[in-house]
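Overview (structure and organization)
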Amino acid sequence: MTVFEAVKESLLEVVPETDPAAVVPGRTLRELGCTSIDRAEVVTLAMERLGVVVPISEFQDVNDLDAIVALLAEHR
Amino acid sequence: MSAPAVVGTGIVCSLGADVPAFTAALRDGRSGITRADGVLCAPLGDWSFRAAVDDVPEPLRTRALRAAGRSPRPVAAAVAAVVEAWVAAGLPDVPGDRVGVVVAGHNLTDRYAHDLHESYAHRLDYLPARFALHALDTDHVGTISEVLSATGEGYTVGGASASGNVAIVHGARLVAAGVVDCCVVVGALTELTPLHRRGFTALGALAAPDGDPAGACRPFDADRRGFVPGEAAAALVLESAASAARRGVPVRALVPGVALGLDGNRLADPSAAGEARVMRAALRAAGVEPGELDYVNAHGTASRLGDETELAALHAVLGDAVARPWVNSTKGLTGHCLASAGVVEAVATVAQLAGGFVHPSANLANPVDDRVRFAGATARPARLDRALSNGFGFGGINSAVVFAAVHNGG
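Computed from a prediction, not measured in an experiment: that's the story for all the values here. (Residues numbered from 1 in each chain as written. Chains lettered and ligands numbered in written order. Predicted model: local features only at pLDDT ≥ 70, side-chain atom pairs only at ≥ 80, totals over all residues. Heavy atoms only, no water.)

From N to C terminus, chain A includes three helices and zero strands. Moving toward the C terminus, one meets the helices and strands of chain A in the order α-α-α. Taking 2.2 N^0.38 as the reference for a compact globule, 76 residues should give roughly 11 Å; the C-alpha atoms of chain A span a radius of gyration of 11 Å, in line with that estimate. Based on the C-alpha atoms only, the size of chain A along its principal axes is roughly 30 × 25 × 20 Å. For chain A, the residues scored as buried account for 42% of the 76 residues in total. Relative to all contacts within chain A whose residues are 6 or more apart in sequence, the contacts with residues 24 or more apart total 53%. In the form shown here, chain A has an accessible surface area of approximately 3700 Å², with 54% of it arising from carbon and sulfur atoms. When the 6 positive and 14 negative side-chain charges of chain A are each reduced to one mean point, those points stand 2 Å apart. (Helix = DSSP H or I, 4+ residues; strand = E, 2+ residues; numbered from the N terminus. Rg over C-alpha atoms; globule rule 2.2 N^0.38 Å. Buried < 20%, exposed > 50% of the residue type's maximum accessible area, 1.4 Å probe, protein only. Contact = heavy atoms within 4.5 Å. Areas by Shrake-Rupley, 256 points an atom, 1.4 Å probe, with all protein chains shown as cover. Lys, Arg positive; Asp, Glu negative; His and termini not counted. Charge placed at Lys NZ, Arg CZ, Asp CG, Glu CD.)

This is the structure:
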């Protein structure tokens, strides 16, 4: 599973009403229907899927898919 | 001050996932009690939130799914019951700040926390980010308020097994005092953990899981042996008479009298005097004389001491008129739904008032009191105008609510 796939699957689990085809690089989580709590949930779910641990503080200002994927990849 | 009206009811329980299914099961005297893995319970079973809200009109359906699609099961079940009651109430168009939410119960997230502890205690980094929200009892309040866009007063209220009635009392007061026009009163589903179940067992409160599960719960029977836990979420929409009249919606029943009181006692030691006091107070507030009462939905858990104490209280309150009202215990069919019991039994009471019947008494082979008019083994038609619903909790928390029928068109 790629990091992007893990994030996408996590996002669709948290906001199932979001169109999977809309989950593409370059989008912000807000655009994809996520609240700030949803975003935190997506991050922890993706960490669990990938078996990586990223300090939550590092996600503080990270709001778009690409940045989340990059941060998770950095710790993989 | 006119009595608050019940304009909608909703329920999700072992007997069915909506009020029509629940009412049909009550008429049939069908029990939801089963035994699984050596444990007696009336479980919700394989209920699905998504399926439950499938027929709900938009935009309520989408709001419900968005708010509670990933909620712990008790919150999802509460939302399903609320949505059913709200639709039944004709989707009240009252302003959001005139809608209140009162949720019955406490320790509602014990099972959620227990289950997440099992999964995440040894890998805390992956604890779901929603935990801090879902671990609060008030997650019920927030989620339901979001679904209904309710911005009036809202809170949880606790009273152990009397919680459901405590919530009805507070909801009725909010409406009667004019604080809100509509109040959603929600009985929250209690999921026991192994520790909580064992705790009840240690007190000798639970029926032992031997023999036929259908015969395990025997309220007011000489052979009763304790309660069986049940899972249910239930909801009432209470509305002021003026608001209901403005909307032109049918009133299903009125709540003319409510009462709460404590025994000054922290134990599981019920007091007939304390119970009689709230029953009298509720009847007096409703202007109902003992000889005018048609039906009692008893607390009746099938506890040896509890049932006996409740009967003593009924005798004290009703005197010679104790032979008049029909008496049954819904817990014989649904199990004891703990935090939600009072709201479950309010839904059952309103269904019987409106439907003109009394549901059967489960397993009442040898009634312990031959002067009380217990419902029999089958449902029977009855014109019921005034009903009393009791709820008593550990720690001496006593409650009683009077419901009055509204026979539309005579």
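Having seen the structure, we can now continue with the description.
For the rest of this paragraph, the subject is the pairing of strand E6 (residues 182-187) of chain B. Two faces belong to every sheet, and in a regular strand the side chains alternate between them. Residue and element names in this part refer to chain B. Burial analysis of E6 places six of its six residues in the buried class, which makes it a mostly covered element. Of the two faces of E6, both are covered, the one formed by Cys182, Val184 and Val186 as well as the one formed by Cys183, Val185 and Gly187. Across six bridges, E6 lies against strand E7 (residues 232-239) in antiparallel orientation. Residue pairing across strands places Gly187 opposite Ala234, the latter belonging to E7. (Pairing = 2+ DSSP bridges.)

Listed per partner, the contact involves twelve residues of chain B and 19 residues of chain A. A combined buried area of about 1200 Å² lies between chain B and chain A, and 46% of that area is made up of carbon and sulfur atoms. Area buried by chain B at its contact with chain A is led by Arg66, Arg70 and Tyr126 of chain B, which between them contribute 51% of it. The interface formed by chain B and chain A contains seven salt bridges. In this structure, the salt-bridge partner of Glu48 of chain A is Arg123 of chain B, at a minimum N-O distance of 2.9 Å. Among the residues forming the side of chain B that touches chain A, the class breakdown is six nonpolar, no polar and six charged. (Buried area = accessible area lost by both parts, 1.4 Å probe. Salt bridge = Lys/Arg side-chain N within 4 Å of Asp/Glu carboxyl O. Nonpolar A, V, L, I, M, F, W, Y, C, P; charged D, E, K, R; others polar.)

As a further point, take helix H2 (residues 36-50) of chain A. With 15 residues, H2 of chain A extends 21 Å from end C-alpha to end C-alpha; this agrees with the ideal 21 Å at 1.5 Å per step. When we look at burial in H2 of chain A, the residues that qualify are Asp38, Arg39, Glu41, Val42, Val43, Thr44, Leu45, Ala46, Met47 and Leu50 of chain A. Buried residues along H2 of chain A sit in contact with helix H1 (3-14) and helix H3 (65-74) of chain A together with helix H3 (60-68) of chain B. Gly51 of chain A lies just past H2 of chain A and shows a positive phi near 70 degrees. (Expected span 1.5 Å × (residues − 1).)

Here the focus is the domain arrangement of chain B. Residue and element names in this part refer to chain B. Each assigned domain of chain B is listed here: domain 1 (5-247) and domain 2 (253-405). Averaged C-alpha coordinates put domain 1 and domain 2 at centres separated by 21 Å. Tallying the contact residues gives 65 residues for domain 1 and 62 residues for domain 2. The junction of domain 1 with domain 2 conceals about 4700 Å² of combined surface from both sides, 68% of it contributed by carbon and sulfur atoms. Where domain 1 touches domain 2, the interface holds one salt bridge. Linking Asp307 and Arg224 is a salt bridge whose minimum nitrogen-to-oxygen distance equals 3.8 Å. In this assembly, domain 1 and domain 2 are joined by 23 residue pairs in polar contact (both at pLDDT 80 or more). Secondary structure elements with two or more residues in the side of domain 1 that touches domain 2: strand E1 (5-13), helix H1 (19-28), helix H8 (163-176), E6 and E7. Element by element, the count of residues in the side of domain 1 that touches domain 2 is highest for H8, at eight residues. Along the lines of polarity and charge, the residues of the side of domain 1 that touches domain 2 split into 37 nonpolar, 19 polar and nine charged. (Domains from an automatic or database assignment. Polar contact = N/O pair within 3.5 Å; in protein donor to acceptor, adjacent residues only side chain to side chain.)

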